[in-house]
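Reading the structure
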Protein chains: 2
Amino acid sequence: MSSYKHKKVISIGTVNELTGLSLRQIRYYEERQLIYPERTKRGTRKYSFSDVETLLQIADKREEGVQTYEIRKDLQSSNKGKVMERMLRGQLNAHFRMNK
Amino acid sequence: MSSYKHKKVISIGTVNELTGLSLRQIRYYEERQLIYPERTKRGTRKYSFSDVETLLQIADKREEGVQTYEIRKDLQSSNKGKVMERMLRGQLNAHFRMNK
DNA sequence: CGTGTAAGGAATTCTGACACG
DNA sequence: CGTGTAAGGAATTCTGACACG
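Residues numbered from 1 in each chain as written. Chains lettered and ligands numbered in written order. Predicted model: local features only at pLDDT ≥ 70, side-chain atom pairs only at ≥ 80, totals over all residues. Heavy atoms only, no water.

A few words now on the protein's contact with DNA strand D. For DNA strand D, the set of nearby residues contains 20 residues, the closest of which are R45 of chain A together with S22, Y28, R32 and T68 of chain B. Atoms of DNA strand D within 4 Å of the protein: sugar and phosphate make up 73%, bases the balance. In the model, a phosphate oxygen of DNA strand D is placed 2.6 Å from a nitrogen or oxygen of the R32 of chain B side chain. Here a sugar or linking oxygen of DNA strand D and a side-chain polar atom of R42 of chain B are 3.3 Å apart. Mapped by element, the contributors of at least two residues to the surface near DNA strand D are α1 (12–19) and α2 (23–31) of chain A together with α2 (23–31) of chain B. The leading source of residues in the surface near DNA strand D is α2 of chain B, at four residues. (Near = heavy atom within 4 Å. Polar contact = N/O pair within 3.5 Å; in protein donor to acceptor, adjacent residues only side chain to side chain. Helix = DSSP H or I, 4+ residues; strand = E, 2+ residues; numbered from the N terminus.)

Structure, rendered in structure tokens:
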């Protein structure tokens, strides 16, 4: 769950190299609530590989002309999908355990 | 293979927080060839999660008083072990595919 | 709305070296 | 051998703002 993929350890300069997005863009997408980096005590942003993937998706959408507001909704619903899936899986597991 | 675990994206300050080792120690273990961070164009070191794990192992060994030279040998042989295992696995797979 | 840029300050990282032991 | 530290420079990151559109 709190695996390498979700650990916030990458600084914004590296995210820039990984995604090709400008620092300005990366910060702006945070302002628009598309991503949620963590902050070190001193205030520098730290991103996860998961954030990098999301940014790559955002870049694609933006190229298609989709606005950040729409992209946010998409990201949220796809996340909701994952949560639902996880919950269902949990239910199924419980079910089959009972019938064993 | 070139997964999140091995991607070199973590700066030394973050490695310090993750491992508790001082910057001096982290750099020194590189000098002694226990770890191999990459360098950005400008020269700052970048580490992978794998490097962080190795550093944690190094810290344990050092507490036991093991010298860096010994630790390096241990790390190399454990790596050799992994490579051998992988090669064997490949051979086994090939074997069973043939008998199918 | 989304992104570029110049501005000034604060923290980061780098290297080579001296120190202790 | 392994690690601390002070030293000076170079690059990073941050925020708030003006600009364009």
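Resuming the write-up.
Quick look at the packing of aromatic side chains now. All names here are of chain A. A complete count under the given rule lists five aromatic pairs over all chains for this structure. Plain terms: the ring middles of Y28 and Y29 are 6.2 Å apart, the flat faces sit at 55 degrees to each other, and that makes the pair tilted. Take Y28: its relative accessible area is 31%, and that puts it in the partly exposed class. (Phe/Tyr/Trp six-rings, centres within 6.5 Å; stacked < 30°, edge-to-face > 60°. Buried < 20%, exposed > 50% of the residue type's maximum accessible area, 1.4 Å probe, protein only.)

Taking the UniProt record as the reference, the feature "domain: HTH merR-type" (unreviewed entry) is found at residues 9–77 of chain A. Along residues 9–77 of chain A the backbone is 61% helical and 10% strand, and the end-to-end C-alpha distance reaches 26 Å. (UniProt positions renumbered as here; feature names shortened; annotations may be inferred.)

Contacts between the two partners involve 13 residues from chain B, matched on the other side by 13 residues from chain A. When chain B packs against chain A, close to 1200 Å² is buried across both sides, 63% of that on carbon and sulfur atoms. Of all residues in chain B, the largest losses of buried area upon contact with chain A belong to Y4, V9 and F49 of chain B, amounting jointly to 52% of the total for that side. On the surface where chain B and chain A come into contact, there are two salt bridges. Taking the shortest distance from any N to any O, the salt bridge between K41 of chain A and E17 of chain B comes out at 2.7 Å. Mapped by element, the contributors of at least two residues to the side of chain B that touches chain A are β1 (10–11), α1 (12–19) and α3 (49–63) of chain B. With three residues, α1 of chain B is the single largest residue contributor to the side of chain B that touches chain A. Split into classes, the residues belonging to the side of chain B that touches chain A amount to five nonpolar, two polar and six charged. (Contact = heavy atoms within 4.5 Å. Buried area = accessible area lost by both parts, 1.4 Å probe. Salt bridge = Lys/Arg side-chain N within 4 Å of Asp/Glu carboxyl O. Nonpolar A, V, L, I, M, F, W, Y, C, P; charged D, E, K, R; others polar.)

Right, let's get into α2 of chain A. Residues and elements named next belong to chain A. The set of residues buried in α2 consists of I26, Y29 and E30. Projected down its long axis, α2 carries its buried residues within an arc of 105 degrees, all on one side. In α2, the exposed residues that point more than 90 degrees away from the buried face are R24 and E31. Positive backbone phi, approximately 65 degrees, marks Q33, located one or two places after α2. (Arc of directions from axis to C-beta.)

Overlaying chain B with chain A gives an RMSD of 0.2 Å, the required rotation being 180 degrees about an axis along which the chain moves by 0.1 Å. Here the transformation between the copies is reduced to the relation of a two-fold axis. Across chain B, the rotation axis passes nearest the C-alpha of I10 of chain B, at a separation of 2.8 Å. In this assembly the copies share their binding face: 100% of the residues contributing to the interface of chain B also contribute to that of chain A. (Least-squares fit on C-alpha atoms with pLDDT ≥ 70 in both.)

What follows covers the packing of α1 of chain A against helix α3 (residues 49–63) of chain A. Residues and elements named next belong to chain A. Put simply, α1 and α3 touch, their axes get as near as 10 Å, and they point 50 degrees apart. Here α1 is positioned oblique relative to α3, judged by the angle of their axes. For α1 against α3, the interelement crossing comes out right-handed. Where α1 approaches α3, its residues V15, L18 and T19 are matched on the opposing element by V52, L55 and L56. A breakdown of the residues in the contact of α1 with α3 according to their chemical character gives five nonpolar, one polar and no charged. (Axes fitted to C-alpha atoms, helices over the stretch in contact; angles between N-to-C directions. Parallel < 35°, antiparallel > 145°, perpendicular 65-115°, else oblique. Left-handed = near helix turned anticlockwise from the far one by under 90°.)

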